[in-house]
Amino acid sequence: MVIKVLGSGCASCKKLESNVKEAVKELGIDAVVEKVEDFKEIAAYGVMKTPAIVVDEQVKAMGRVPSVEDIKKYL
Amino acid sequence: MHILTQMFGWLNDQLLKMTWLFELVRLLVEKVFGLSMEDRVGGSVHFFIYDTVKIFILLSVLIFAISYIQSYFPPERTKKILGGMKGIKGNILGALLGTVTPFCSCSSIPLFIGFTSAGLPLGVTFSFLISSPLVDLASFLILMSFFGIRIALAYVVVGLVLAVEGGTLIDKLNMEKYVQGYVREIKSTDVEVEEMSRRERISFAKEQVKEITQRVWMYILIGVGIGAAIHNWIPQPVIETVIGGNNPFAVILAAAVGIPMYADIFGTIPIAEALFGRGVGIGTVLSFMMAVTALSLPSMIMLGKVVKPKLLAIFTAIVSIGIIVIGYVFNAFSYLFI
């Protein structure tokens, strides 16, 4: 499973990244967490407000930081 | 009817103007610190504590309520609503949606790319980009709290007019070729995300309060500090000569100082309040506030990544001139508002 965190280094993007890592650890699943900072790539997903979370190329949430519990449901 | 007006007045005084807090801080300054309110030190200590507490209360309550509402208007939905809109109707709708769509200058790039690649006219995008930081529910309620309903309404109306006119003008100037090339190459994508649940909306609103407080608390303290200095320490003749009625260029000066500054309405309001309290023209004060919120150096740098310098310069010029014109008009007709 590939999880992408879209965002350009704002505070909430970092928060989302750590929430994602926490969720992956708690579920004990095999997943790669990537960060996407390039605006062109972010826009290609149709995302207009960062941060956003993309699981296996599917946008799950954007413009907000979902909690660890919510992220678990996306995985 | 009379009772209703009285009730509304009382609610407005207590909830928005927070007269109870004013009295409470007065007691603190006079009884606990032993300072007189008539005194410069006492006066500025009161201004500092009262304004800081009041702004933080307004910030928490307003951002929470507004974020909850905004969670129904993500930019993606705005994009869909605006799609296919042309002409002045598109500009008006763009400006109106700008007031409810959450915005911070950090997201102006993906937003601009999203709008442009979806084929929205450039003018509609700019109407949105002007109104979004300038006018929202928070600025309306904040202005009502500090300046009363007339000025608040007038601010919202002229802010929207500026957004519509600015966008229309950019449309007329045919600036499409001044968008950075790579923006056009991005394919438009629509994403479907699950609707947020009520619980998610509440937690989103809480997160927003936390995030915005962390981002702006320092600007608020600086703003209140400057406000307190203007309120009690700068001599009246200096104010009148530099930014008051004695200086015909006061509005231009206020705009020039405000344009590069990066702060939002919460950090700007204490300065505006103090200037107004010292008799500076309402137009000058509004120009300053609009200049601070609508334009800033960081947002221009951001925008410069998606548009070419010429368009950036034209956009900045249109908004700046608009703000200055608004200032002079308000100063001329100030008797209607005060």
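Residues numbered from 1 in each chain as written. Chains lettered and ligands numbered in written order. Predicted model: local features only at pLDDT ≥ 70, side-chain atom pairs only at ≥ 80, totals over all residues. Heavy atoms only, no water.

**Things to note about the overall build of chain A**
- Secondary structure summary: chain A contains 3 helices and 4 strands in total.
- Listing each helix as α and each strand as β along chain A from the N terminus yields β-α-β-α-β-β-α.
- Rg of the C-alpha trace for chain A: 11 Å, near the compact-globule value of 11 Å for 75 residues, within the 12% margin.
- Each principal axis of the C-alpha distribution contributes one length, and for chain A these read about 30 × 20 × 15 Å.
- In the structure as shown, chain A presents an accessible area of about 3,300 Å², 48% of it carried by carbon and sulfur atoms.
- For chain A, the distance from the average site of its 12 positive side-chain charges to the average site of its 12 negative ones is 5 Å. (Helix = DSSP H or I, 4+ residues; strand = E, 2+ residues; numbered from the N terminus. Rg over C-alpha atoms; globule rule 2.2 N^0.38 Å. Areas by Shrake-Rupley, 256 points an atom, 1.4 Å probe, with all protein chains shown as cover. Lys, Arg positive; Asp, Glu negative; His and termini not counted. Charge placed at Lys NZ, Arg CZ, Asp CG, Glu CD.)

**Brief notes about the sheet that holds strand S1 (residues 2-6) of chain A**
Residue and element names in this part refer to chain A.
- With respect to topology, 4 strands assemble into an open sheet ordered S2-S1-S3-S4, the strand pairing being mixed. The sheet is open, and its two borders are formed by strand S2 (32-36) and strand S4 (58-62), each paired with just one other strand. Strand after strand, the sheet turns through a mean of 20 degrees between neighbouring axes, direction not considered.
- Across 4 bridges, strand S3 (residues 52-55) lies against S4 in antiparallel orientation. (Pairing = 2+ DSSP bridges. Axes fitted to C-alpha atoms, helices over the stretch in contact; angles between N-to-C directions.)

**Describing the environment of Ile57 of chain B**
Residue and element names in this part refer to chain B.
- Here Ile57 shows up in helix H3 (residues 40-70).
- Between the alpha carbons of Ile57 and Met18 there is a distance of 9.9 Å; along the sequence they are 39 residues apart.
- Among residues more than four places away in sequence, those in contact with Ile57 are Met18 and Trp20. (Contact = heavy atoms within 4.5 Å.)

**Some remarks on the pattern of salt bridges**
- Scanning all chains against the criterion turns up 13 salt bridges over all chains.
- Here the salt bridges do not stand alone but share partners, grouping Glu26, Glu69 and Lys72 of chain A into one network. (Salt bridge = Lys/Arg side-chain N within 4 Å of Asp/Glu carboxyl O.)

**With respect to the interface of chain B and chain A**
- Between chain B and chain A, the residue contacts involve 22 residues of the former and 19 residues of the latter.
- Buried area between chain B and chain A, both sides added, is near 2,000 Å², and the carbon and sulfur share of it is 65%.
- Three residues stand out in chain B for area buried against chain A, namely Glu76, Pro110 and Val193 of chain B, and they jointly supply 23% of the buried area on that side.
- Put simply, chain B and chain A have 2 residue pairs in polar contact (both at pLDDT 80 or more) between them.
- Secondary-structure elements contributing two or more residues to the side of chain B that touches chain A are helix H4 (75-82), helix H6 (108-117) and helix H11 (198-232) of chain B.
- Counted by class, the side of chain B that touches chain A contains 13 nonpolar, 3 polar and 6 charged residues. (Buried area = accessible area lost by both parts, 1.4 Å probe. Polar contact = N/O pair within 3.5 Å; in protein donor to acceptor, adjacent residues only side chain to side chain. Nonpolar A, V, L, I, M, F, W, Y, C, P; charged D, E, K, R; others polar.)

**What to know about the environment of Gln58 of chain A**
- Mapped onto the fold, Gln58 of chain A is located in strand S4.
- Note on Gln58 of chain A: relative accessible area 48%, which makes it partly exposed. (Buried < 20%, exposed > 50% of the residue type's maximum accessible area, 1.4 Å probe, protein only.)

**Notes on unusual backbone geometry**
- Of note, the amide linkage connecting Thr50 of chain A to Pro51 of chain A takes the cis form, showing an omega dihedral of -5 degrees.
- Mapping Pro51 of chain A onto the fold places it in the loop between helix H2 (39-44) and S3.
- Of note, the phi angle at Met18 of chain B is positive, near 55 degrees, even though the residue is not glycine.
- Here Met18 of chain B shows up in the loop between helix H1 (2-17) and helix H2 (19-32).

**Digging into the packing of aromatic side chains**
- Applying the stated criterion to the full structure yields 8 aromatic pairs over all chains.
- Geometrically, the ring pair formed by Tyr68 of chain B and Tyr72 of chain B is edge-to-face, given 6.2 Å between the ring centres and 70 degrees between the ring planes.
- For Tyr72 of chain B, a relative accessible area of 34% translates into the label partly exposed.
- Seen in terms of ring centroids, Phe115 of chain B and Phe128 of chain B are 5.1 Å apart; in terms of plane orientation they differ by 70 degrees. Their pairing is edge-to-face. Pair noted here: Phe115 of chain B is in helix H6 and Phe128 of chain B is in helix H7 (residues 122-134), with a separation of 13 residues, a long-range link. The burial state of Phe115 of chain B is the same as that of Phe128 of chain B; both residues are buried.
- The residue whose ring lies beneath Lys40 of chain A is Tyr182 of chain B, and the NZ or CZ to ring-centre distance is 4.9 Å. (Phe/Tyr/Trp six-rings, centres within 6.5 Å; stacked < 30°, edge-to-face > 60°. Lys NZ or Arg CZ within 6 Å of the ring centre and 35° of its normal.)

**Some thoughts on a nonpolar patch on the surface**
Residues and elements named next belong to chain B.
- Nonpolar side chains collect at one region of the surface, where Val41, Trp233, Ile234, Val238, Val242, Leu253, Val257 and Met261 lie side by side and expose about 590 Å² of accessible area between them.
- Of all elements in the fold, only helix H12 (236-242) and helix H13 (250-258) reach the threshold of two or more residues within the nonpolar patch.
- Tracing the backbone through its elements, the reader meets Trp233 in the loop between H11 and H12.
- Residue classification places Trp233 among the partly exposed positions, given a relative accessible area of 39%. (Patch = residues over 30% accessible without salt bridge, like charges linked within 9 Å, V, L, I, M, F, W, Y side chains within 5 Å.)

**Details of the confidence of the model for chain A**
- Overall, the prediction assigns chain A a mean pLDDT of 86, with 99% of residues at 70 or greater.
- Within chain A, the element-level pLDDT minimum falls on H2 of chain A, averaging 82, and the maximum on S1 of chain A, averaging 91. (pLDDT = per-residue confidence, 0-100.)

**Things to note about the packing of H1 of chain B against helix H8 (residues 137-147) of chain B**
Residues and elements named next belong to chain B.
- Contact geometry of H1 with H8 gives a least axis separation of 9 Å together with a crossing angle of 105 degrees. Taken together, the axes of H1 and H8 lie roughly perpendicular to each other. Only Leu141, Met144 and Ser145 of H8 make contact with H1, whose side of the interface consists of Phe8, Asn12, Leu16 and Lys17.
- Broken down by class, the residue content of the contact of H1 with H8 amounts to 4 nonpolar, 2 polar and 1 charged. (Parallel < 35°, antiparallel > 145°, perpendicular 65-115°, else oblique.)

**Observations concerning the packing of H2 of chain B against H3 of chain B**
Residues and elements named next belong to chain B.
- For the pair H2 and H3, interaxial distance at closest approach is 9 Å and the crossing angle is 140 degrees. Compared by their axis directions, H2 and H3 come out oblique. In the crossing of H2 with H3, the sense of the turn from one axis to the other is right-handed. Judged by residue contacts, Trp20, Leu21, Phe22, Val25, Arg26, Leu28 and Val29 of H2 engage Gly42, Val45, His46, Ile49, Tyr50, Val53, Lys54 and Ile57 from H3.
- Counted by class, the contact of H2 with H3 contains 11 nonpolar, 2 polar and 2 charged residues. (Left-handed = near helix turned anticlockwise from the far one by under 90°.)

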